[in-house]
Amino acid sequence: MIRALLVSAALAVLTSPLGAQAVSVLVGAVRAEYADSVSGTAGFLSGRVSAASPATAGAVEASFSEFVTGEWALQLGGFGTALHAVSERLAVGIAGGGDASNFEGGTWSGSGGVGPILVTVLGPMVTSLAASVGGVRRVDETAFAVGTGNLRLRGFPTVGLGIEGGLLEAGVSGGGRAGDLRDGAWGSARVMYAITPWTIVEAALGRYARDITGFTEGVFGSVGVRFNLSRTARARWVSEPVDAVRVERVNDERVRVTIRHSVRQGDRLEIAGDWNEWLPEALRQEGADRWAIDLRLAPGVYKFALLVNGQGWTVPEAVPTVPDDFGGEVGLLVIR
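Keep in mind it's a predicted model, so treat the numbers as computed, not measured.

## Let's talk about the overall build of the protein chain
Thinking step 1. When helices and strands are counted, the protein chain shows 2 helices and 23 strands.
Thinking step 2. Taken across its 336 residues, the protein chain has 35% of its residues classed as buried.
Thinking step 3. In the protein chain, once contacts between residues fewer than 6 apart in sequence are set aside, the share between residues at least 24 apart is 52%.
Thinking step 4. Here the protein chain has roughly 17800 Å² of accessible surface; of this, 61% comes from carbon and sulfur atoms.

## With respect to the pairing of strand S16 (residues 269-273)
Thinking step 1. Most of S16 is tucked away: 5 of the 5 residues are buried.
Thinking step 2. Burial along S16 is two-sided: Leu269, Ile271 and Gly273 facing one way and Glu270 and Ala272 facing the other are all buried.
Thinking step 3. Both S16 and strand S20 (residues 300-308) contribute to a ladder of 5 bridges, which runs antiparallel. Across the sheet, Gly273 pairs through a bridge with Phe304, a residue of S20.
Thinking step 4. Relative to strand S17 (residues 281-282), S16 runs antiparallel, the two sharing 2 bridges. Of the residues in S17, the one forming a bridge with Ile271 is Glu281.

## As for the packing of aromatic side chains
Thinking step 1. Evaluation of the coordinates by the stated rule reveals 3 aromatic pairs.
Thinking step 2. Between Phe64 and Trp72 the ring centres are 6.0 Å apart and the planes differ by 20°, which places this aromatic pair in the stacked class. Of the two residues examined, Phe64 and Trp72, each falls in the buried class.
Thinking step 3. Seen from their ring centres, Tyr208 and Phe220 are 6.1 Å apart, and the 35° between their planes marks the pair as tilted. Within this pair, whereas Tyr208 is found in strand S12 (residues 199-208), its partner Phe220 is found in strand S13 (residues 218-228), the two being separated by 12 residues in sequence.
Thinking step 4. You can call Tyr208 partly exposed: its relative accessible area is 22%.

## Digging into the nonpolar core
Thinking step 1. Ranked by internal contacts, the top residues of the largest apolar core, which has 20 residues, are Val245, Val257 and Phe304.
Thinking step 2. Broken down by secondary-structure element, the contributors of at least two residues to this core are strand S15 (254-260), S16, strand S19 (290-296), S20 and strand S23 (329-335).
Thinking step 3. In terms of residues, this core owes the most to one element, S20, which gives 4 residues.
Thinking step 4. In contact with Val257, other than residues within four places in its own chain, are Val245, Arg246, Val247, Trp291, Ala292, Ile293, Leu295 and Leu333.

## Describing the pattern of salt bridges
Thinking step 1. Taken as a whole and judged by the stated rule, the model has 13 salt bridges.
Thinking step 2. Glu270 is paired through a salt bridge with Arg268; the nearest N and O atoms lie 3.8 Å apart.
Thinking step 3. Overlapping salt bridges, with partners in common, bring together Arg256, Arg284, Glu286 and Asp294 in one network.

## Some thoughts on the sheet that holds S19
Thinking step 1. Pairing is antiparallel in the open sheet, where 4 strands are placed in the order S14-S15-S19-S18. Each edge of the open sheet carries a strand with a single partner, namely strand S14 (245-249) and strand S18 (284-285).

## What about unusual backbone geometry?
Thinking step 1. The phi torsion at Glu277 lies on the positive side, around 60°, for a residue other than glycine.
Thinking step 2. Along the chain, Glu277 falls in the loop between S16 and S17.
Thinking step 3. In this structure Glu277 comes out as partly exposed when scored by relative accessible area, which is 47%.
Thinking step 4. Phi at Asn309 takes a positive value of approximately 55°, unusual for a residue other than glycine.
Thinking step 5. Tracing the chain through its elements places Asn309 in the loop between S20 and strand S21 (311-314).
Thinking step 6. The partly exposed category is assigned to Asn309, whose relative accessible area is 31%.

What counts, and where the lines are drawn
Residues numbered from 1 in each chain as written. Predicted model: local features only at pLDDT ≥ 70, side-chain atom pairs only at ≥ 80, totals over all residues. Heavy atoms only, no water. Helix = DSSP H or I, 4+ residues; strand = E, 2+ residues; numbered from the N terminus. Buried < 20%, exposed > 50% of the residue type's maximum accessible area, 1.4 Å probe, protein only. Contact = heavy atoms within 4.5 Å. Areas by Shrake-Rupley, 256 points an atom, 1.4 Å probe, with all protein chains shown as cover. Pairing = 2+ DSSP bridges. Phe/Tyr/Trp six-rings, centres within 6.5 Å; stacked < 30°, edge-to-face > 60°. Core = buried A, V, L, I, M, F, W, Y, C linked by side-chain atoms within 4.5 Å. Salt bridge = Lys/Arg side-chain N within 4 Å of Asp/Glu carboxyl O.

This is how it looks when you write it as structure tokens:
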């Protein structure tokens, strides 16, 4: 496991000066059953560094796995997007990424590509249409150029519950494939529970599709503990009430949300979220940097963002956040 520690440490040291917003290490175990009757159990250690701005986002992750039989595998991957908002519900840009896997004995494979992407938001659903050109190196040592198209649909809200001692979030994904790599449906379920702002338990279970680099389809299960090493990453999972957002119940149906956010004198501040299909509503100013609004919200976890003078989506500091598929993040508003 010394090699795994070196990989994760090098990843954090080399990339954190680039203004990374989140640095974390995940330790755990995985069990995989492949369609060709090969199976294995491994312990793994991975390091992840990610960064995001209102228009760009990217992440790099390295993972080292050692199987109970003694063999090891090293994986490295990364992605990046740059988007331009055409309107409140449409963005266009460019996306690229790649990954590589190396196994004891010198066997390796990898793929990479880059191309245009279009993203739309229709109510709680995010739709992205992307095309890319790139190359593939298979485990059988053959290499070729490849062009791909990808249509992705994502339900905007995941299940997030503020519960005693932490924050629980769950999500599911799935799909199918056409063309030469078509096979049965694939999908996965993932659960994350933040014990503390810097310690998160993660578990996943699912079926993965046949890989173009030469791996067959199969099923997997994994469990691990992620340790957030950066201040921003820890703030993302804060489950206790923070001064940036205060929620007070007005009656059985309505709550008053008060937000601390500094803007220039005379600026207009609006809030939008998944409870109103992301249509901005004006906040009333109640102090130099205090803004409030009364909303009809049932108990639950909602996603939101602020608009200053009708543009520039932003989230107040110290508010828990999740990725928004536009290269930025949206805040989490917990209603009890």
